[in-house]
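Results of the structural survey
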Amino acid sequence: MHLRLRVLASGSSGNAALVTAHDGSGRHDLLIDLGLSPRRMRGLLRAEGTDLESLSGVLLTHGDVDHLHDGWAKAWPTLLAPPVIVRPSHAHVLPRAGLPNAATRWIAEPLEIGPFRIAGLELPHDSEGSTGFRIECASHAIGWITDLGRVVDGLDTFLAGVRVLALESNYDPPMQRASP
């Protein structure tokens, strides 16, 4: 088993990452966030040897525009679109982003998609929060935590044993100065 994490873009102008697993049955890809324009995302996926229609799923951390670009409202494929994996408390972001008919899988409990076992953790971020993901495949695990406002109880347990951790936190100088 081979598991790979590739950050496609990170920052206030857009966020996206690709998780790829190779096993005996072939290649499986998960996309984390849709923070780039559809044209740019398709180009980056093509450069990685895949496309939107081949994805096993899209993990959506939250609905901020840098994680869910508003261009997807017109470009979301209707026939072969991958399921969007989102916490039930973020269900409203799909219609708000123009994706009311996206196939949806809820991440209230860990779920299996292809060779992946995916768990989500609610994290503080702005008023709606964000979702951290733990992606397991065979004996490998990746942790994906973005826009982390502060460390929450259980985060260490959630991430225990991950081999790769992608961690991005908010930069807020007043909060940092006031923090213990």
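These numbers come from a predicted model, not from an experiment.

Quick look at the pattern of salt bridges
Enumeration over the complete set of coordinates arrives at seven salt bridges. R4 serves as the salt-bridge partner of E48, at 2.9 Å between the closest nitrogen and oxygen. In this pair, E48 sits in the loop between α1 (38-47) and β4 (57-59) while R4 sits in strand β1 (residues 2-9), placing the two residues 44 residues apart along the sequence. Accessibility expressed as a relative area gives 35% for R4, which makes it partly exposed. Between R87 and E122 there is a salt bridge, and its shortest N-O distance comes to 3.8 Å. Of the two residues, R87 is situated in the loop between β5 (84-86) and α3 (93-96) and E122 in strand β8 (residues 116-123); the sequence distance between them amounts to 35 residues. The network of salt bridges with shared partners includes R4, R6 and E48.

Some thoughts on α1
Within α1, the full set of buried residues consists of P38, M41 and L45. Along α1, the residues classed as buried sweep out an arc of 65 degrees about the axis, all on the same side. Facing away from the buried surface of α1 by more than 90 degrees, the exposed residues are R39, R46 and A47. The elements touched by buried residues of α1 are β1, β2 (16-23), β3 (26-32) and α2 (72-75).

Some points on the side chain of T20
Relative to the assigned elements, T20 resides in strand β2. Using a relative accessible area of 4% as the deciding quantity, one classes T20 as buried. Residues within four places of T20 in sequence aside, it is in contact with H2, L3, R4, R27, H28 and D29.

What about the sheet that holds strand β9 (residues 130-137)?
Sheet architecture is open: five strands sit in the order β7-β8-β9-β10-β11, paired in mixed fashion. The two strands at the open ends of the sheet, each matched to only one other strand, are β7 (111-113) and β11 (164-169). Pairwise comparison of adjacent strand axes, ignoring direction, gives a mean angle of 20 degrees for this sheet. One ladder, built from three bridges, connects β7 with β8; its direction is antiparallel. Across the sheet, the residue bridging to L111 is I118, located in β8.

Rules and cut-offs
Residues numbered from 1 in each chain as written. Predicted model: local features only at pLDDT ≥ 70, side-chain atom pairs only at ≥ 80, totals over all residues. Heavy atoms only, no water. Salt bridge = Lys/Arg side-chain N within 4 Å of Asp/Glu carboxyl O. Helix = DSSP H or I, 4+ residues; strand = E, 2+ residues; numbered from the N terminus. Buried < 20%, exposed > 50% of the residue type's maximum accessible area, 1.4 Å probe, protein only. Arc of directions from axis to C-beta. Contact = heavy atoms within 4.5 Å. Pairing = 2+ DSSP bridges. Axes fitted to C-alpha atoms, helices over the stretch in contact; angles between N-to-C directions.

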